[in-house]
Amino acid sequence: MAALTLTLLALAGVSCSQASNCSYSPLLNHLNLDATNSALQIERPVKNWNTTTEVQLEMILGGILDVDEKLETVTIHMYVKSYWTNEHLTWNSSEFCGINMLTIPVSMIWVPDIIIHEDASDDRNSQDDPLVSVFPDGKVGVVKRLQLTFICKFNLFRFPFDTQTCNITFSSLNYDKSLLKLVKSTDDSTLTKLSGLNMLTEGEWKLVSMESISFTSVAQRSVLVFQISLERKPFLYVINLILPLLFLLVLDLASFFVSDSSGEKLGFKVTILLSVFVLLQILKDILPSTEDSLPLMAIYCVSVFTLVWINVLEMMLISQLKACCVGEERQNAEVVKVKEADNRNESAGTDEPEENNSPLDLPGDPRLPKFIMDGTKPGQNPPETQKNMEKSNRLRWVKIFDSVFFVLYFTTVVFSQVFLFSLWKFNI
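Report follows, based on the coordinates.

Parameters at a glance
Every chain is numbered independently, its residues counted from 1 as its sequence is written. The predicted origin of the model limits local features to residues at a pLDDT of at least 70 and limits the giving and counting of side-chain atom pairs to 80 or more, whereas totals for whole chains, interfaces and linings rest on all residues. Heavy atoms from the whole structure form the basis of all side-chain values; hydrogens and water molecules are not counted. Strands here mean DSSP runs of E at least two residues long; helices mean DSSP runs of H or I at least four residues long; both are numbered from the N terminus. Partly exposed describes any residue whose relative accessible area lies between the buried limit of under 20% and the exposed limit of over 50%, with all areas from a 1.4 Å probe on protein chains only and scaled to the type maximum. We call two residues in contact whenever any of their non-hydrogen atoms come within 4.5 Å of each other. Surface accessibility follows the Shrake-Rupley procedure with a 1.4 Å probe radius. Residue values consider only the protein chains on display as shielding. At least two DSSP bridges between two strands are required for those strands to pair. The axes are straight lines fitted to the C-alpha atoms, using for helices just the contacting stretch, and the angles between their N-to-C directions are given from 0 to 180°. Roughly parallel covers angles under 35 degrees, roughly antiparallel covers those over 145, roughly perpendicular covers 65 to 115, and oblique covers all other angles. Should the near helix be turned anticlockwise from the far one by less than a right angle, the crossing is termed left-handed; should it be turned clockwise, right-handed. Asp, Glu, Lys and Arg are counted as charged, while Ala, Val, Leu, Ile, Met, Phe, Trp, Tyr, Cys and Pro are counted as nonpolar; the rest, among them Gly, fall into the polar class.

**Structural notes on the overall build of the protein chain**
Helix and strand counts for the protein chain come out as nine helices and eleven strands. Counting over 428 residues, the protein chain shows a buried share of 33%. Across the protein chain, the fraction of contacts at a sequence separation of at least 24, relative to all contacts at a separation of at least 6, is 77%. As presented, the protein chain carries roughly 25700 Å² of accessible surface, and 59% of it is formed by carbon and sulfur atoms.

**Considerations on the sheet that holds strand β11 (residues 222-232)**
Strand order in the open sheet made by the four strands is β4-β8-β11-β10, with antiparallel pairing throughout. At either margin of the open sheet sits one strand with a lone partner, and together these are β4 (114-116) and β10 (205-216). With direction set aside, neighbouring strand axes in the sheet form an average angle of 20°. Here nine bridges tie strand β8 (residues 163-172) to β11, and the two strands are oriented antiparallel to one another.

**Brief notes about the packing of helix α5 (residues 235-254) against helix α6 (residues 264-286)**
Two elements in contact, α5 and α6, have axes separated by 10 Å at closest approach and are oriented at 160°. The pairing of α5 with α6 is recorded here as roughly antiparallel in orientation. In the crossing of α5 with α6, the sense of the turn from one axis to the other is left-handed. Of the residues in α6, those in contact with Tyr 237, Asn 240, Leu 241, Pro 244, Leu 245, Leu 248, Leu 251 and Asp 252 of α5 are Phe 268, Lys 269, Ile 272, Ser 275, Val 276, Leu 279, Ile 282, Leu 283 and Ile 286. Of the residues that constitute the contact of α5 with α6, the class distribution is 13 nonpolar, two polar and two charged.

Here you go:
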C-alpha cells in the first residue's frame, strides 16, 4: 500500500513538473532546432523528394517613390510575404502547452531561392525579416520589406494622360516546376485594395490595379508575374505645357487683327515662335530619346510650332508685297511732284503769248495740247492713273490672299486641336 502511494505521488510530481515546464525548449528539442541542424538548412523540406513544394506569394505596395521616364525605371517600396510547408517542422500544440506559433531565425531552416527578374537596384536596399514564423501544421511564413528599383518598358504615346503597366516577375533560381511551384496567396482585387490602404506616397502616379499571372518558363521554372498598372496625374503637365501652348496659339490667331503700321506684328509672331521653341526644349528634357513612336505631346508641340512658323512666313510674304506696292507708290508720287514742278517752271519762264494755231499746222511745236504731250488719247487715263489702279488691284489681291489664309489657318488650328485632344482622350 505504501509503495502504491509512493508511485502515485511520483507520477503526480512528474506530471506537475511537465505542466509547469511550458517554455519553448521542449518544442525546440522536438523539432531538432536546439542545436545546429544542417539538414534543415540545406534540404528542401519534404519527406519524399518527389513532393512539390508550393510557395504562396503576396506582394503589397507601400509607396511609389520615383518614376524615371528617361531610364525607364520605377522605384517602389513594397512588402513580399511568402508561405510554404516544411514537413519536418510539425507538432501537436496540445502536447506543448498550446504553443501554436514558433519564431526562429531565418538562417536555421531552408528558404526558397526566389529572385525578381526586373531588379535594377544598385544595392539591395532591403530589410529581410531576421525571423520566420512556424506553425503547428508545418506552414512557414517570411516577410521581406524592399525598396525595389526595377525596369519597366514605358509607352509614352498618350503622355501626360498615359497609364503604364509594369511587371514584377518572381521565379526560383535553381528549382524547376516539379520541385517548386509559385502561386498567389490572395486574389487580385484584395491585393489592390490592400496596396491602396498601405500606400504612403504616390507622387504624380496613382495605383489603378494589380493583377497576377502564373506560367511555366522555357527553362521549366514556375513563374509568377505581378502586373502593376499606374496612372499618371496630368495636372502639372497641363498647367506647364498644354495650356501655354494653347494660349500661344490663340495669341497667334489674334495677331491677324493687329495693325502692322511699324512692323511690330512680325516681331510679335517671331516672339511667339521662340516661346513655342522654349516649351519644346522643356519637353525634350522630360521625354526619353529611345521612343520608337513620337508621343502625342511631342506631335502637339511640333504641330503648334509648324503652324506658327507657317504664319510667320505668310506674314513676311505679305509684308514684302505691301512694302513693294507702297514703295512704288511713293516713287510715282515723287515723279509726279517733279513733273509738276517742271511744268510750273516752264510756264513761269515763257512770256510769249500763245498762238491759236491748229495742231495740224505745227506738228513740231513744243506747245502741243497736254493729251498729246502725255501720249494719251482723248478719253484715255494718263499712265500715272493706270499705275495707281494696278497698285490698288495688287493691294486688293494681297488683302484677299491674307483673308483666305486666315480662314484656312483658323480651320486648320481648330481641327488639329480637336483631333489631337480626341486622340489623348480616346486613345485612337
